[in-house]
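Read off the chains here:
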Amino acid sequence: MTARAFPTKVIGTALAEVQYGLSLAASATGNFPIVGMKDIRDGRIHIDESIRVELSDEIAGRFLLRPGDVLLNRTNSNELVGKCAIYDGTVPAVFASYLVRLKFDEKKLLPAFANYFLNSEYGQSQLKLLSTRGVSQANINPTTFSRHFSIPFPKLEEQCRIVHVLDRSGREISLDEELLAARESRYQS
């Protein structure tokens with residue numbers, strides 16, 4: 001079987017919006033959970049509802065995450081800069097300033113496909129190359145990212161198939177990990 005080559009373009013050709021997050025002090029009593037770097041794991045957002053911010057309805061409306069939003073960690077340590085995750089829409093939340101929201105034109109690029117590619121070894125290596133390093137922090141400029149990050153652009157139907165296969169594989173891996181953990185627990189008992 002031969003590998004298919006898909007046309008590649010810069011990611012900016014499929015971005016409908018790029019938005020920086022909020023820079024506010026968090027509290028336990030705010031009206032919205034705020035997503036931070038610690039909430040980005042394995043390409044998914046895992047919201048800690050105990051970290052919150054107080055927002056007016058007007059500001060919240062501009063920063064509420066929507067299903068399919070992809071968050072890019074634009075500023076962090078060299079090892080964590082470039083981490084990405086997709087929002088599934090289960091808990092209303094906003095996002096912190098060192099994250100950037102990527103909204104895709106879904107007629108060109110599916111957010112789930114982009115998220116998988118951004119989190120791939122090749123995607124992460126590109127993100128690391130685009131980052132600028134300081135003394136203790138690295139940064140990815142969203143404009144540079146939009147203009148220079150290359151991503152495959154298969155037809156939408158092919159993107160759907162790829163996402164389906166990767167989603168199914170991820171569920172199978174999770175199930176295998178749960179079974180292994182149960183087996184370990186049983187043996188330790």
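Each chain carries its own residue numbering, running from 1 in the direction its sequence is written. Whole-chain, interface and lining totals are the exception, using all residues; otherwise, since this is a predicted model, local features are given only for residues with pLDDT of at least 70 and side-chain atom pairs are given and counted only at 80 or more. With hydrogens and water stripped out, all remaining heavy atoms of the structure feed into the side-chain values.

1. What about the side chain of Gln 126?
Its location among the elements puts Gln 126 in helix H3 (residues 121-130). Buried, partly exposed and exposed residues are distinguished by accessible area as a fraction of the type maximum, computed with a 1.4 Å probe on protein chains only: under 20%, between the cut-offs, and over 50%, respectively. A relative accessible area of 10% means that Gln 126 is categorised as buried. Should any heavy atoms of two residues lie within 4.5 Å, those residues are counted as being in contact. Setting aside chain neighbours within four positions, we find Gln 126 in contact with Phe 117, His 148, Phe 149 and Ser 150. Helix and strand definitions here come from DSSP, where helices need a minimum of 4 consecutive H or I residues and strands a minimum of 2 consecutive E residues; each element is numbered from the N-terminal end.

2. Observations regarding H3
Buried within H3 are the following residues: Gly 123, Gln 124, Gln 126, Leu 127 and Leu 130. For H3, the angular spread of the buried residues around the axis is 160°, confining them to a single face. Residues of H3 that are exposed and point more than 90 degrees away from the buried face comprise Glu 121 and Leu 129. It is the directions from the helix axis to the C-beta atoms that the arc portrays.

3. Observations concerning unusual backbone geometry
Glycine aside, the phi torsion of most residues is negative, and most peptide linkages are trans. A positive phi angle, near 55°, is found at Asp 42, a position not held by glycine. Take Asp 42: it is sitting in the loop between strand E4 (40-41) and strand E5 (44-45). Taking relative accessible area as the criterion, Asp 42 reaches 79% and is therefore assigned exposed.

4. Considerations on the sheet that holds strand E8 (residues 75-76)
Paired strands are those between which DSSP finds at least two bridges. Reading across the sheet, the 3 strands line up as E8-E13-E12 and stay open at both edges, with antiparallel pairing between neighbours. Bordering the open sheet on either side are E8 and strand E12 (132-133), each of which pairs with just one other strand. By the bridge criterion, 2 bridges tie E12 to strand E13 (residues 138-139) in an arrangement that is antiparallel. In the strand pairing of E13, Arg 133 is matched with Ala 138.

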